[in-house]
Amino acid sequence: MPGKVIIVASLNKNKIKAVNEVFNSYQVTGVACKSGVSEQPASLDEIIKGAITRARSVFRDCEYSVGIEDGISHVPETSSGYMNFCCCAIFDGTRIYLGLGPAFEYPAECTKRVVDEGITISEAFIPLTDKPDIGYEEGIIGWLTHGKISRTEYTRHAVEMAKVQIDNKSLYSPCSY
């Protein structure tokens, strides 16, 4: 098995770039992958399951594989009732290392369409952005922050949080999944 190789379970350039920025001494490549969850995850459990499924399913000929999944989950005291979370699961062939990035709330009318109509958040934002592939571009977070936070940067935080456990393995006991 060649060392210093990471496979990202996505062809999304933002996800690949985020992993590459955190693991800059590795060769990082992306591959297409199914998440095993709905196209628009709507709970933290589903977001985490999608990230883990992605990471496990692409592990081969690498030191680590990475699954990244975004979705909405119920959060009390928010105007929409939900916030977006990004989860990163890093798999070393034995252990899963999880990290979450910062969460933010979408406009209530967009979240309502996702929940009521069963569409993705990207589809809900098309009338506002006129960008059907916004998740592969600057991301909705980039659009909402007027370019202050890119999709890559937002995703990178989740990857960094998962890597904390790799950098400090002796402090973390393995979980069974």
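Here the structure is a predicted model, which is why all the values come from computation and not from measurement. (Residues numbered from 1 in each chain as written. Predicted model: local features only at pLDDT ≥ 70, side-chain atom pairs only at ≥ 80, totals over all residues. Heavy atoms only, no water.)

**Section: the overall build of the protein**
Secondary structure assignment for the protein yields six helices and five strands. Across the protein, helices and strands are ordered from the amino to the carboxyl terminus as β-α-β-α-β-β-β-α-α-α-α. Taken over the C-alpha trace, the protein has a radius of gyration of 16 Å; the compact-globule value for 177 residues is 16 Å, and the two agree within 12%. Counting only C-alpha atoms, the protein reaches 45 × 30 × 25 Å along its principal axes. Here the protein holds 177 residues, and 49% of them are scored as buried. Taking the contacts inside the protein whose residues are at least 6 apart along the sequence as the reference set, 54% of them involve residues at least 24 apart. Surface accessibility of the protein: about 8800 Å² in total, with carbon and sulfur atoms responsible for 52%. For the protein, the distance from the average position of its 18 positive side-chain charges to the average position of its 22 negative side-chain charges is 6 Å. (Helix = DSSP H or I, 4+ residues; strand = E, 2+ residues; numbered from the N terminus. Rg over C-alpha atoms; globule rule 2.2 N^0.38 Å. Buried < 20%, exposed > 50% of the residue type's maximum accessible area, 1.4 Å probe, protein only. Contact = heavy atoms within 4.5 Å. Areas by Shrake-Rupley, 256 points an atom, 1.4 Å probe, with all protein chains shown as cover. Lys, Arg positive; Asp, Glu negative; His and termini not counted. Charge placed at Lys NZ, Arg CZ, Asp CG, Glu CD.)

**Notes on the sheet that holds strand S3 (residues 64-74)**
One open sheet accounts for five strands, arranged S2-S1-S3-S4-S5; its pairing is mixed. Looking at strand neighbours, the two that pair on one side only are strand S2 (27-30) and strand S5 (96-100), the edges of this open sheet. Strand after strand, the sheet turns through a mean of 25° between neighbouring axes, direction not considered. Note that strand S4 (residues 82-91) and S5 share five bridges and pair antiparallel. Across the sheet, the residue bridging to phenylalanine 91 is isoleucine 96, located in S5. The sheet strands contacting helix H2 (residues 44-57) are S3, S4 and S5, and the helix crosses S3 at an angle near 165°. (Pairing = 2+ DSSP bridges. Axes fitted to C-alpha atoms, helices over the stretch in contact; angles between N-to-C directions.)

**Examining the UniProt feature "domain: Non-canonical purine NTP phosphatase/PRRC1" (unreviewed entry) in the protein**
Here the UniProt feature "domain: Non-canonical purine NTP phosphatase/PRRC1" (unreviewed entry) sits at residues 9-163. Here residues 9-163 runs as 40% helix and 19% strand, with 16 Å between its end C-alpha atoms. (UniProt positions renumbered as here; feature names shortened; annotations may be inferred.)

**Remarks on the nonpolar core**
Ile6, Val19, Phe23, Val66, Cys88, Ile90 and Ile121 are the most contacted members of the largest nonpolar core, which has 32 residues in total. Where this core is concerned, the elements lending two or more residues are strand S1 (5-8), helix H1 (13-22), S3, S4, helix H3 (108-117), helix H4 (121-129), helix H5 (139-144) and helix H6 (151-167). Contacts of valine 19, omitting those with residues within four sequence positions, involve Ile6, Val8, Val28, Val66, Ile68 and Val159. Ile47, Ala51, Ala55 and Cys87 belong to the second-largest nonpolar core, a separate cluster that totals 11 residues. (Core = buried A, V, L, I, M, F, W, Y, C linked by side-chain atoms within 4.5 Å.)

**Considering unusual backbone geometry**
Phi at aspartate 61 is positive, roughly 50°, even though this residue is not glycine. In this fold, aspartate 61 is placed in the loop between H2 and S3. Relative accessible area serves as the criterion here: at 57%, aspartate 61 is assigned to the exposed category. Located in the positive-phi region is aspartate 130, a residue other than glycine, with phi close to 60°. With respect to the element layout, aspartate 130 can be found in the loop between H4 and H5.

**Some details on the layout of surface pockets**
Quantified by volume, the largest pocket comes out at close to 780 Å³. Around the largest pocket, the lining comprises 34 residues; the ones closest to its centre are Lys15, Glu39, Ser122, Tyr136 and Arg151. At the level of secondary structure, the elements contributing two or more residues to the lining of the largest pocket comprise S3, H4, H5 and H6. In the lining of the largest pocket, the residues fall into 15 nonpolar, 10 polar and nine charged. (1 Å grid on protein atoms, 1.4 Å probe; cavity = no way out; pocket = protein on both sides within 12 Å on 5 of 7 lines; lining within 4 Å. Points joined across faces, edges and corners; volume = space filled by probe spheres on them. Nonpolar A, V, L, I, M, F, W, Y, C, P; charged D, E, K, R; others polar.)

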